[in-house]
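Here is how the chains run, residue by residue.
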Amino acid sequence: MTKGVATIVKNAGSHYLLSALPEWKLFPAVLRGKIRLKGGNATNPVAVGDRVSWEADGEPDELHPAIITEVHDRSNYVIRKSTNLSRQSHIIAANVDRAFIIVTLYFPEIKLPFLDRILVTCEVYNVPVTIVLNKVDLYQEEATDEIESFKRIYGGAGYRIIETSARTGQGVEELREACRGKVCLLSGESGAGKSSLIKALDPSLDPKVGQISLAHLQGKHTTSLYEMYKTRDGAFLIDSPGLRGFGLVDLKKEEIALYFPEMLAASRECRFTPCTHTHEPGCAVKKAVEEGSISPERYYSYLGMLEEDSKFRQ
Ligand code: GDP
Ligand code: ZN
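Residues numbered from 1 in each chain as written. Chains lettered and ligands numbered in written order. Predicted model: local features only at pLDDT ≥ 70, side-chain atom pairs only at ≥ 80, totals over all residues. Heavy atoms only, no water.

Q: What should I look at first to understand the coordination of the zinc ion (ligand 2) in this one?
A: A metal bound by six donors in octahedral fashion has ideal angles of 90 or 180 degrees, whereas one bound by four tetrahedral donors has an ideal angle of 109.5 degrees. Within the first shell, the zinc ion (ligand 2) binds the protein through C270 (SG), C275 (SG), H277 (ND1) and C283 (SG), at distances of 2.1 to 2.4 Å. Around the zinc ion (ligand 2), the four donor atoms sit at angles spanning 103 to 118°, and that spread fits a shape best called tetrahedral. Donor residues binding the zinc ion (ligand 2) come from one chain and are separated in sequence as C-x4-C-x1-H-x5-C. In this pair, the class of C275 matches that of H277, namely buried. (Donors = N, O, S within 2.8 Å, 3.2 Å for Na, K, Ca; no water. Tetrahedral: all angles 85-135°; square planar, octahedral: opposite > 155°, others 65-115°. Buried < 20%, exposed > 50% of the residue type's maximum accessible area, 1.4 Å probe, protein only.)

Q: I tried to follow the sheet that holds strand β4 (residues 51-56) on my own but got confused; where do I start?
A: Hydrogen bonds along the backbone pair up the strands of a sheet, which may run parallel or antiparallel. Pairing in this closed barrel of five strands is mixed, and the strands run β1-β2-β3-β5-β4 around the ring. Shown here is a sheet whose adjacent strand axes are inclined to one another by a mean of 55°, direction ignored. With three bridges joining them, strand β3 (residues 27-31) and strand β5 (residues 66-71) adopt parallel strand pairing. Within the sheet, the bridge partner assigned to V30 lies in β5 and is I67. (Pairing = 2+ DSSP bridges. Helix = DSSP H or I, 4+ residues; strand = E, 2+ residues; numbered from the N terminus. Axes fitted to C-alpha atoms, helices over the stretch in contact; angles between N-to-C directions.)

Q: Please explain the packing of aromatic side chains as it appears in this structure.
A: Per the counting criterion, the structure on display carries eight aromatic pairs. Note on Y299 and Y300: the rings are 6.5 Å apart at their centroids and 45° apart in plane angle, and the pair reads as tilted. Note on Y299: relative accessible area 9%, which makes it buried. Ring-pair connections join several aromatic residues into one group, and the members of that group are F260, Y299, Y300 and Y302. The side chain of R74 reaches across the aromatic face of Y77, ending 5.2 Å from its centre. (Phe/Tyr/Trp six-rings, centres within 6.5 Å; stacked < 30°, edge-to-face > 60°. Lys NZ or Arg CZ within 6 Å of the ring centre and 35° of its normal.)

This is the structure in structure tokens:
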């Protein structure tokens, strides 16, 4: 009898592929029928990134797959819901070390309130996040103000921003360093350059051939949308198509500000707890916005989320 602990790197339909990260030696495994499954009403009980205990008679292979006997507790997991009202959800990935949100100021221009929603979602999921600002080659000359203001807003909120160009290679080394040795979830609006960046990180990976072309299957509950790739520098990438289903989390009104890190920090000085940072006297968040240490853009996004939330609840 052999046994061990490994990570799920792919759901291959009838079986899973595991590897004992950081080693990259894939072997097949199936779920034991009576295993206690996690993930509530998710359509997939275990996900890419899950750490599992397995056992087998000898070396597992296609004919004699290992048996997954236990799914370990997750440090975090990221869910995609089909719609806001849907109760069905799909776990995209578990135990993510860092999410990289790929955006660009042009083609397609990232809308800041939308990005803020994505960042809130990552905070809710407890996934550390880095913003990758791609296509900087396009606006280095004319639009430096826009880049500076973007950096001021998100750097000020505490997020790391890596400026990249998949075209010129600028920043790719920095991104590579940030990914090395980690399980990374890559996401971005279609067209922002995620596939190009993945190829720039490792030319042997061609995401267009795999995941992304499956975007039209999103609504259906296909099994193998997400898988982990190892780059030649030893990063473990999970490619997540699109951003849309990502920004959907249920939050109570008074919870929203907890997921804007800079507001959470400032709110310790608010006179009232809880404080919605709208009408309350002695609100430290409003004061910080007035004084410029919290950016008005982020604060407006917050107000937008509050308002939408109350609309939703009427
Ligand atoms: P994805 O949908 O996010 O995977 O985006 P792609 O990688 O397919 O890129 C979308 C388009 O943007 C393609 O035409 C790319 O050639 C282009 N593109 C990607 N990265 C860059 C970049 O850094 N600079 C410029 N100028 N174009 C880029
Ligand atoms: Zn307040």
